[in-house]
Amino acid sequence: VEVKKIRRRRFWRSRGQDTMGSVAWSFFLAAGCLSASARINSRDTRLVHPENSFENRAAAIAAIMKEASMSASNFSLVEARPRPNTHTKAASIRACPRLEPPRTPATNVTALHPCDIEVIAAIGDSLTTADQARSTNWLNLRMYPGLAWSIGGDEDAVSVPRFFEESCGRMPQGPSIGSGNSAVYNFNFAVSGARVEDMPQQATTLVSGLKESLGERYPTAWKMVTLLIGGNNLCDVCIASKERDNDDVVYEKNLRVALETLKEIPNVVVNVVLNMDYTQLAPLVRQFGCLLLMPSVCPCLGVDNEERLAISREYIRKYNDVLVTLVAEFNRKVEGTNTRFVVQPFAVRTALATSELISKADCFHPSAAGQAFVGRGLWINLFEPVGQKRDEVFEGELVCPTERSVVGV
């Protein structure tokens, strides 16, 4: 695997932190005393992830929440293209037969085999930087981008890049590796704490990074980009004074700009992942520690307040409607090219709120097992034709590509 580090820097500022002589007092005051912001400097593509800020820890709260009762009828998929079932099922990717390269790459996106994909990238928030994936308490909070569901490349990761490696005999270029300050993010352009307003800049940074790193390969190499965003906006959307700044109009406006940038990438499949019903973790607020943390960092999702949760669920539906509409619109714009946007709905009815799948350090980020669970969902959706993609994933499910498999676009 080629590991080529793109110079990146993430700027952040602390808005204050009380220092107490007692660990106990620090624990109880943490929810009210720490906050930070993470934004990309538009004049610099160098990014470094800040550690241990509350907005970082809150960033993925929405991306890991879901209530099983959310109806799949809240969205409709676009342009069904039935294909024969060309993949097989397996409990573990290591049970799949390896499809050894070399192979002649596809010349059309509709015939793209998964092993044709040479480059993998992602934009989003702390779900994609894998905050607290292996953290056990508030004293060892950190990011684990090497375990990230869509782009983690650590040797022990259960992630989409690792599925590619096990199936195709090689991993695409671009996965993030490592954790904390020693992490190498490569083509993982997600920012912990990001909101939908950050997507235009993340998309611009991604395109610049790919062009710089790939050089002459940029026009011809097959690429896969995964986008998931919305959790931090949903954390505020139920508050009357903040609703207008986080509604579906703002969501659509910023994603439209981001997709305009991404549509210029040649030979690319852009996975547009629908939001989970993030309110599924609200019951965790009753647990000690979560009671102190979740209502303060995410008052619209991390609360035991049905009125607020109902507002949030409605906006989750609206956000997903925006995503489906935009994908259909942009696929019309790129018709006749090898650029394709694909709605990936696996998360819509997937239940993630279990003690095994959620970090014990903060009660709302996915654990390493949760990251693996979400990664399996995307991997399964990749092989399903548009219009026939499942919106729910169960533990132990996985599919194996065969020589006849194609990416479902």
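Residues numbered from 1 in each chain as written. Predicted model: local features only at pLDDT ≥ 70, side-chain atom pairs only at ≥ 80, totals over all residues. Heavy atoms only, no water.

Glancing now at the overall build of the chain. A tally of helices and strands in the chain yields ten helices and eight strands. Put simply, the chain has 409 residues, and 61% of those count as buried. For the chain, the proportion of contacts with a sequence separation of at least 24, taken over those separated by at least 6, is 76%. (Helix = DSSP H or I, 4+ residues; strand = E, 2+ residues; numbered from the N terminus. Buried < 20%, exposed > 50% of the residue type's maximum accessible area, 1.4 Å probe, protein only. Contact = heavy atoms within 4.5 Å.)

Ordered in space as 4-5-6-7, the four strands form an open sheet in which the pairing is parallel. Two strands in the sheet have a free side with no partner beyond their single neighbour: strand 4 (119-124) and strand 7 (339-344). Going from strand to strand, the sheet's axes swing by 20 degrees on average, the running direction of each strand aside. Here strand 5 (residues 223-228) pairs with strand 6 (residues 268-273) via five bridges, running parallel. Residue pairing in the sheet places methionine 224 in a bridge with valine 269 of strand 6. Contacting strand 5, strand 6 and strand 7, helix 10 (residues 368-382) runs over the sheet at an angle of about 125 degrees to strand 7. (Pairing = 2+ DSSP bridges. Axes fitted to C-alpha atoms, helices over the stretch in contact; angles between N-to-C directions.)

What follows concerns the nonpolar core. Within the largest apolar cluster, 104 residues are counted, with the highest numbers of intra-cluster contacts made by Phe164, Leu206, Leu255, Leu262, Phe341 and Trp379. The element best represented in this core is helix 9 (residues 306-333), accounting for nine residues. The contact partners of leucine 255, leaving out residues within four places of it in the chain, are Val196, Met199, Leu227, Ile229, Leu323 and Leu326. (Core = buried A, V, L, I, M, F, W, Y, C linked by side-chain atoms within 4.5 Å.)

Turning to the state of the cysteines, a few remarks are in order. Tallied over the entire structure, the rule returns four disulfides. Across the disulfide, cysteine 96 is cross-linked to cysteine 400 (sulfur-sulfur distance 1.8 Å). For the disulfide bridge between cysteine 96 and cysteine 400, the dihedral angle about the S-S bond is near -70 degrees, and by the sign convention the bridge is left-handed. Here cysteine 400 lies in strand 8 (residues 399-401) and cysteine 96 lies in the loop between strand 3 (87-89) and strand 4, a separation of 304 residues in the sequence. On the basis of relative accessible area, cysteine 400 is assigned to the buried category, the value being 1%. The disulfide bridge from cysteine 235 ends at cysteine 298, spanning 2.0 Å between sulfur atoms. Because the torsion about its S-S bond is -95 degrees, the bridge between cysteine 235 and cysteine 298 counts as left-handed. Highlighted residues: cysteine 235 in the loop between helix 5 (231-234) and helix 6 (240-246) and cysteine 298 in the loop between helix 8 (290-297) and helix 9, separated in sequence by 63 residues. For the pair cysteine 235 and cysteine 298, a shared accessibility class is recorded, and that class is buried. (Disulfide = S-S within 2.5 Å.)

What follows is about the pairing of strand 6. The buried fraction of strand 6 is high, at six of six residues. Neither face of strand 6 is open: one carries Val268, Val270 and Val272, the other Val269, Asn271 and Val273, and all of them are buried. Sheet topology places strand 6 next to strand 7; six bridges connect them, and they run parallel. Residue pairing for strand 7: asparagine 271 is matched across the bridge by valine 342.

Summed over all chains, the structure comprises seven aromatic pairs. Centroid distance phenylalanine 187 to phenylalanine 189: 6.4 Å. Interplanar angle 10 degrees. Geometry classified as stacked. A single burial state applies to phenylalanine 187 and to phenylalanine 189, both of which are buried. Counting every residue linked through ring pairs, the aromatic cluster contains Phe163, Phe164, Trp379 and Phe383. The ring centre of tyrosine 315 lies 4.8 Å from the NZ or CZ of lysine 318, which sits over that ring. Across from the ring centre of phenylalanine 330, 4.3 Å away, lies the NZ or CZ of lysine 333, which sits over that ring. (Phe/Tyr/Trp six-rings, centres within 6.5 Å; stacked < 30°, edge-to-face > 60°. Lys NZ or Arg CZ within 6 Å of the ring centre and 35° of its normal.)

For the rest of this paragraph, the subject is helix 9. Here helix 9 is 28 residues long and its end C-alpha atoms lie 41 Å apart, about the 40 Å a rise of 1.5 Å per residue gives. Among the residues of helix 9, the N-terminal cap falls to asparagine 305, whose side-chain oxygen and the backbone nitrogen of glutamate 307 are separated by 3.1 Å. (Expected span 1.5 Å × (residues − 1). Polar contact = N/O pair within 3.5 Å; in protein donor to acceptor, adjacent residues only side chain to side chain.)

If you walk through the whole model with that rule in mind, you get 22 salt bridges. Of the charged contacts in the structure, one is a salt bridge between arginine 217 and glutamate 118, with a shortest N-O distance of 3.2 Å. Within this pair, whereas arginine 217 is found in the loop between helix 4 (199-214) and strand 5, its partner glutamate 118 is found in the loop between strand 3 and strand 4, the two being separated by 99 residues in sequence. On the basis of relative accessible area, glutamate 118 is assigned to the partly exposed category, the value being 24%. In this structure, arginine 390 engages glutamate 384 in a salt bridge whose closest nitrogen and oxygen atoms are separated by 2.5 Å. By relative accessible area, which is 6% here, glutamate 384 ends up buried. Look at the salt bridges and you will find they share partners, linking Glu252, Arg256, Glu260, Lys263, Glu264, Glu329 and Lys333 into a network. (Salt bridge = Lys/Arg side-chain N within 4 Å of Asp/Glu carboxyl O.)

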